[in-house]
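Structural description and commentary
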Amino acid sequence: MRLLKIQPEIHKFDTFKEFAKDFNIGKGDLLFTHDFLFNNYMQDLNLESENMFFECFGMGEPSDETINYIMDAIRGKVIKRVIAVGGGSVIDISKLLVLEDTKDCLNYFEKTVEIKKVRELVIVPTTCGTGSEVTNISISEIKSKKTKMGLAVDELYPESAVLIPELLMNLPYKFFVTSSIDALIHAIEAYVSPKANMYTEIFSVKAIEMILKGYMKILEHGEEYRKEIIEEFMIGSNYAGIAFGNAGVGAVHALSYPLGGVYHVPHGEANYQFFTEVFKTYLAKDPNGKISEVNKVLANIMNIPAGEDVYAALSNVLDKLLSRKPLKEYGMKEEEIEGFTDAVIAGQQRLLANNYVPLKRTDIINIYKNLY
């Protein structure tokens, strides 16, 4: 039984310039990033790499259409290494660009072609949320199916994950919050997963501590204080990525996918809509299992007396950072609840297998209804 796998080497540099020199970025490299990051941190370095910007192909979160456009753009080019510098969208797409070419990326997600890696991958995250730099997972919206699909195979692991705090300094506050809440959810879902063990729990707990304590400092000192502790969030996100990369995430992510796929709600924001409601459902079904352990961790960090509602207290902290709103305010219709539920059951069994306790169809419907 494998307990823990950390696939990429993990590096850290103070600046992008130091990283570029150490990794000898140049010919044969595809530097896939955002134009604003390139202009601010890379342009003056006069790198001889092939440079490509996500904004030239789409906006927001990745879709199969956008990925296919990018695959078309690099077809025939001599690329030995893909260097992804960006947030979740850039990272998820880059993982597919190292695979043997297929005309349609849906073939990867449906596994109708052999998944074969033909290029090296280096990932440099510029948010503090996905943890994707240490996972073997890529997520994309599939337009024709009106939901998201995930591919989880070891060929998607990068050879190197590189942490550069400098690249997070200008991350807008809302993106900082939505991405880091996603990391917090990664850590908590991984902790209660049936696949968790004593090794993944270490990374989960440390990530929870770093992120939640950081939030409490920001609420005390103000939004700009995040820049003083941004490295803690970057490392906390990385720890959370190691935890969920081994133990998985569950219903919070699974239920968020139709909302994100149909109404284009940002990933971290969509997850937060479902987070406490899913865990309250778990708690009602089995209050004495591992959820009681993670609740003690949360209570200790927030100094909550024994017997108080941990999730009410947690919501009180998180709602001050990112306000939640009813699902209908995103455009969701009440008659879509059963359809969303069926889409989750049919398409997200990979995630639902990681639930703390099994959820029935009626449980999922009730979660959507309570949030509608």
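Quick notes on the rules
- Residues numbered from 1 in each chain as written.
- Predicted model: local features only at pLDDT ≥ 70, side-chain atom pairs only at ≥ 80, totals over all residues.
- Heavy atoms only, no water.
- Helix = DSSP H or I, 4+ residues; strand = E, 2+ residues; numbered from the N terminus.
- Rg over C-alpha atoms; globule rule 2.2 N^0.38 Å.
- Buried < 20%, exposed > 50% of the residue type's maximum accessible area, 1.4 Å probe, protein only.
- Contact = heavy atoms within 4.5 Å.
- Areas by Shrake-Rupley, 256 points an atom, 1.4 Å probe, with all protein chains shown as cover.
- Lys, Arg positive; Asp, Glu negative; His and termini not counted.
- Charge placed at Lys NZ, Arg CZ, Asp CG, Glu CD.
- Pairing = 2+ DSSP bridges.
- Axes fitted to C-alpha atoms, helices over the stretch in contact; angles between N-to-C directions.
- Parallel < 35°, antiparallel > 145°, perpendicular 65-115°, else oblique.
- Left-handed = near helix turned anticlockwise from the far one by under 90°.
- Nonpolar A, V, L, I, M, F, W, Y, C, P; charged D, E, K, R; others polar.
- Core = buried A, V, L, I, M, F, W, Y, C linked by side-chain atoms within 4.5 Å.
- Salt bridge = Lys/Arg side-chain N within 4 Å of Asp/Glu carboxyl O.

Looking only at helices and strands, one finds 15 helices and eight strands in the chain. The globule rule puts the C-alpha radius of gyration for 372 residues at 21 Å, and the 20 Å found for the chain is close to it. In terms of overall dimensions, the chain has C-alpha extents of about 60 × 45 × 45 Å along its principal axes. Split into buried and exposed, the 372 residues of the chain put 59% on the buried side. The long-range fraction of contacts in the chain, counting pairs at least 24 apart against all pairs at least 6 apart in sequence, stands at 76%. Accessible surface, the chain: about 15,600 Å² in total, of which carbon and sulfur atoms supply 49%. Across the chain, 40 positive and 51 negative side-chain charges occur, with their mean positions spaced 2 Å apart.

Summarising the element assignment, glycine 331 is placed in the loop between α12 (310–318) and α13 (337–347). When the C-alpha positions of glycine 331 and glutamine 273 are compared, they lie 14 Å apart, and in sequence the two are 58 residues distant. With sequence-adjacent residues up to four places away left out, glycine 331 is seen in contact with Tyr263 and Glu336.

To continue, consider helix α3 (residues 64–74). Taken as a whole, α3 has its buried residues at Asp64, Thr66, Ile67, Asn68, Ile70, Met71 and Ile74. Summarising the contacts, the buried residues of α3 are in contact with β2 (29–33), β3 (50–53), α4 (88–97), α5 (106–109) and β6 (137–142). Following α3 by one or two positions, glycine 76 adopts a phi angle in the positive range, close to 90 degrees.

Okay, the pairing of β6 next. Residues in a regular strand point their side chains to alternate faces of the sheet. Counting buried residues along β6, six of its six residues qualify, which places the element largely inside the surrounding structure. Of the two faces of β6, the one carrying Ile137, Ile139 and Glu141 and the one carrying Ser138, Ser140 and Ile142 are both buried. As defined by bridge partners, β6 adjoins strand β7 (residues 147–152) across six bridges and the pair is classed as antiparallel. Of the residues in β7, the one forming a bridge with isoleucine 142 is threonine 147. Linkage of β6 to β7, two consecutive antiparallel strands, is achieved through a turn of four residues, within which lysine 146 is found at a positive phi near 55 degrees.

Moving on, we come to the packing of helix α6 (residues 173–192) against helix α8 (residues 230–247). Running from N to C, α6 and α8 cross one another at 40 degrees; their axes reach a closest spacing of 8 Å. In terms of orientation, α6 lies oblique with respect to α8. For the pair α6 and α8, the crossing hand works out as left-handed. Of α8, the residues touching α6 (which contributes Phe176, Ser180, Ala183, His186, Ala187 and Ala190) are Ile230, Phe233, Ser237, Ala240, Ala243, Phe244 and Ala247. Counted by class, the contact of α6 with α8 contains 10 nonpolar, three polar and no charged residues.

Our focus in this paragraph is the nonpolar core. Buried together is how nonpolar side chains tend to be arranged in soluble globular proteins. In this structure, Phe16 and Phe19 are the most contacted members of the largest nonpolar core, which totals 105 residues. Residue contributions to this core peak at 12 residues, all from α6. Each residue touching phenylalanine 19, except ones within four places of it in the same chain, is listed here: Phe13, Ile25, Ile83, Val122, Val124, Val162 and Ile164.

Let us now look at the sheet that holds strand β4 (residues 81–86). The sheet built from six strands is open, its strands ordered β1-β8-β5-β4-β2-β3 with parallel pairing. Of all the strands in the sheet, the pair left with one neighbour each is β1 (9–12) and β3. Strand-to-strand, the axes of this sheet are offset by a mean angle of 20 degrees, without reference to chain direction. Strands β2, β3, β4 and β5 (120–125) of the sheet are contacted by α4, whose axis makes an angle of about 170 degrees with β4.

Looking now at the pattern of salt bridges. This model, assessed by the stated rule, comprises 19 salt bridges. Aspartate 154 is the partner of lysine 5 in a salt bridge, and the nearest nitrogen-oxygen pair spans 3.1 Å. Taken together, the residues lysine 5 in the segment before β1 and aspartate 154 in the loop between β7 and β8 (160–163) connect sequence positions 149 residues apart. A salt bridge links lysine 77 to glutamate 50; the shortest N-O distance between them is 3.4 Å. Of the two residues, lysine 77 is situated in the loop between α3 and β4 and glutamate 50 in strand β3; the sequence distance between them amounts to 27 residues. Here lysine 77 falls in the partly exposed class, since its relative accessible area comes to 35%. Accessibility expressed as a relative area gives 37% for glutamate 50, which makes it partly exposed. Several salt bridges converge on common partners, so that one network encompasses Lys12, Asp14 and Glu231.

That is the geometry; function is a separate question.
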